[in-house]
Amino acid sequence: QLRKVCNHPFLLEAAEIEAEVEAAGCPGGRDRQTQLQGSSGKLELLHKMLESLRQGGHRVLLFSQMTKMLDILEEYCRLAFGAETLERIDGNTPVRERQSAIARFNQEGASSFIFLLS
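On a predicted model such as this, the values are computed, not experimentally measured, just so you know.

1. A word on the nonpolar core
Part 1: Counting 18 residues, the largest nonpolar core has Leu50, Leu73, Tyr76, Ile114 and Leu116 as its most contacted members.
Part 2: Those elements that provide at least two residues to this core are α4 (41-55), β1 (60-63), α5 (67-81) and β3 (114-117).
Part 3: Here this core takes seven residues from α5, the largest share from any one element.
Part 4: Not counting residues up to four positions away in its chain, the partners in contact with Leu73 are Leu43, Leu46 and Leu116.

Rendered as structure tokens:
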């Protein structure tokens, strides 16, 4: 459980539910990206790093052993940078899709900025 909390509190179901209830009670609410980012110091720092890397024209490979953490990162990246900037491979990805994702990411002039790996 400690490992989950250290990565992101939303890996614990109760923490995510609590955040959603809290956001519902706030005037104007909090958008999902703010919830994801504001709930984790690691994600706050990652956001700053990714913004800087993107502005510098870099591309990023992000690795996590936990696919649930990849789910959180994927949701965050889609909200922060757009769905077209993201590729993902994990243990459930079929071989053909893996090869396609790698090809899209490596393609010259590709819009893919972040590659999530497990």
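2. Describing the pairing of strand β2 (residues 86-89)
Part 1: A two-sided burial pattern is seen for β2, the buried positions comprising Leu86 and Arg88 on one face and Glu87 and Ile89 on the other.
Part 2: Relative to β3, β2 is paired through four bridges, and the arrangement is parallel. Across the sheet, Arg88 pairs through a bridge with Leu116, a residue of β3.

3. A few points about the environment of Arg98
Part 1: Inspection of the secondary structure puts Arg98 in helix α6 (residues 95-106).
Part 2: Arg98 gets classed as partly exposed once you look at its relative accessible area, which sits at 29%.
Part 3: For the pair Arg98 and Arg88, spaced ten residues apart in sequence, the C-alpha separation works out to 8.2 Å.
Part 4: With sequence-adjacent residues up to four places away left out, Arg98 is seen in contact with Ile89, Asp90, Gly91 and Thr93.

What counts, and at which threshold
Residues numbered from 1 in each chain as written. Predicted model: local features only at pLDDT ≥ 70, side-chain atom pairs only at ≥ 80, totals over all residues. Heavy atoms only, no water. Core = buried A, V, L, I, M, F, W, Y, C linked by side-chain atoms within 4.5 Å. Buried < 20%, exposed > 50% of the residue type's maximum accessible area, 1.4 Å probe, protein only. Helix = DSSP H or I, 4+ residues; strand = E, 2+ residues; numbered from the N terminus. Contact = heavy atoms within 4.5 Å. Pairing = 2+ DSSP bridges.

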